[in-house]
Amino acid sequence: QVQLVESGGGLVQAGGSLRLSCAASGRSFSSYTMGWFRQAPGKEREFVAVIRWSGSRTYYSDSVKGRFTISRDNAKSTVYLQMNRLKPEDTAVYHCAAGFQLVSGYSDSAAYDYWGQGTQVTVSS
C-alpha cells in the first residue's frame, strides 16, 4: 500500500509559478513510477507528467512541455511538479499517482495503482 498526499496548490496570476509536492508513505516508493494528472471542472482527468522510478526518464503532455518539470527525491519519498509560466487553462485539481507496471501506458490513468486526493490550482487571467 502507498498513501499519497499532495500540497502546494493555490491561486496564482497568469505567468506565475507554483511547486506541487506529493509525499508518499508506505512501501517501496522508489520502485514506483510517479505521475501527475489534472482534472478541470466538467473535463476528464488529463495526463500531465511522469517520472520513472530512478528519475532518469520523464515525459510530459504537449500542453505543459517546456513549462512544467517533474522530479523526485526517493530519500524523502516525494515527487514534485514545478509549474512555470502558468496559464488560466492550467486551472484544475492536480493529483499525483503511483504505478508499478503501467501496462496500458504512462498516460493512461487506469494504469496507476494509487492516487492522492488532489490539490487545487487556480490561475487567474
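Not measured: the values here are computed from a predicted model.

**Digging into the sheet that holds strand β3 (residues 18-26)**
As summarised here, the arrangement of the 4 strands in space is β1-β3-β8-β7, forming an open sheet in which the pairing is antiparallel. Looking at the sheet topology across the chains shown, the edges are occupied by β1 (2-7) and β7 (68-73). In this sheet, neighbouring strand axes are inclined to one another by 15° on average, regardless of whether the strands run parallel or antiparallel. Across 6 bridges, the pairing between β3 and strand β8 (residues 78-83) is antiparallel. Opposite S21, over in β8, you have Y80 as the bridge partner.

**What about the side chain of D90?**
Inspection of the secondary structure puts D90 in the loop between β8 and β9 (92-99). The contact partners of D90, leaving out residues within four places of it in the chain, are R38, R67, F68, R85, V121 and V123.

**Things to note about the nonpolar core**
Counting residues in hydrophobic clusters, the biggest one holds 30 residues, and the most contacted among them are L4, M34, W36, L81, M83 and Y94. Excluding anything up to four places from it in sequence, M34 contacts L4, C22, F29, A49, V50, I51, I70, R72, V79, A97, A98 and Y112. One finds F47, A97, L102 and A111 within the second-largest nonpolar core, a separate group that totals 7 residues.

**Examining the state of the cysteines**
In protein structure, a disulfide is the covalent linkage between the sulfur atoms of two cysteines. Counted by the stated rule, this structure contains 1 disulfide. A sulfur-sulfur distance of 2.0 Å marks the disulfide that ties C22 to C96. Its torsion about the S-S bond being 50°, the disulfide of C22 and C96 is classed as right-handed. Taken together, the residues span a long stretch of sequence, with C22 in strand β3 and C96 in strand β9 at a distance of 74 residues. C96 matches C22 in its accessibility class, with the two residues each being buried.

**So, the environment of R72**
Note that R72 resides in strand β7. Ignoring any residue separated from it by four or fewer positions in sequence, one finds R72 in contact with F29, S30, Y32, T33, M34, I51, R52, W53, G55, T78 and V79. Looking at R72, its side chain comes within polar contact range of the main-chain oxygen of Y32, at 2.8 Å.

**Quick word on the side chain of R67**
Note that R67 resides in the loop between β6 (58-60) and β7. Side-chain polar atoms of R67 contact the backbone oxygen of R85, separated by 2.9 Å. A polar contact is formed between the side chain of R67 and the side chain of D90, at a distance of 2.8 Å.

**Structural notes on the packing of aromatic side chains**
Under the criterion given, the structure shown has 8 aromatic pairs. Relative to Y114, the ring of Y32 has its centre 6.0 Å away and its plane inclined at 75°; by these criteria the two rings are edge-to-face. Of this pair, Y32 sits in the loop between β3 and β4 (33-39) while Y114 sits in strand β10 (residues 114-115), and the two are 82 residues apart along the sequence. In terms of burial, Y32 and Y114 fall into one category: buried. Among the aromatic residues, those joined into a ring-pair cluster are F37, F47, Y59, Y106, Y112 and W115. We note R19 situated over the ring of Y80; from NZ or CZ to the ring centre the distance is 4.0 Å. Taking NZ or CZ as reference, R45 lies 4.5 Å from the ring centre of W115, over its face.

Conventions used here
Residue positions are given per chain, counting from 1 as you read along its sequence in written order. Side-chain atom pairs in this predicted model are given and counted only at pLDDT of 80 or more, local residue features only at pLDDT of at least 70, and totals for whole chains, interfaces and linings cover all residues. As a rule here, side-chain values come from all non-hydrogen atoms in the structure, and water together with hydrogens is ignored. The criterion for strand pairing is that DSSP finds at least two bridges linking the strands in question. Strands here are runs of E lasting at least two residues and helices are runs of H or I lasting at least four, both read from the DSSP assignment and numbered beginning at the N terminus. Working convention: axes come from line fits to C-alpha atoms, limited for helices to the stretch in contact. Angles between N-to-C directions cover 0 to 180 degrees. In what follows, residue pairs with any heavy atoms lying within 4.5 Å of each other are defined as contacts. Put simply, buried Ala, Val, Leu, Ile, Met, Phe, Trp, Tyr and Cys residues joined by side-chain atoms within 4.5 Å make one nonpolar core. We call a residue buried when its accessible area falls under 20% of the maximum for its residue type, exposed when it is over 50%, and partly exposed in between, using a 1.4 Å probe and counting protein chains only. Count a disulfide wherever a pair of cysteine sulfur atoms falls within 2.5 Å. For the purposes of these results, a polar contact is taken to be a pair of N or O atoms within 3.5 Å, where, inside protein, one atom must be able to donate a hydrogen and its partner to accept one; residues adjacent in sequence count only when each atom of the pair is a side-chain atom. In this scheme Phe, Tyr and Trp rings, the latter by its six-membered ring, pair at centre separations within 6.5 Å, and the angle between planes marks the pair as stacked below 30 degrees, edge-to-face above 60, and tilted otherwise. Whether a charge sits over a ring comes down to the Lys NZ or Arg CZ being within 6 Å of the ring centre and within 35 degrees of the ring normal.

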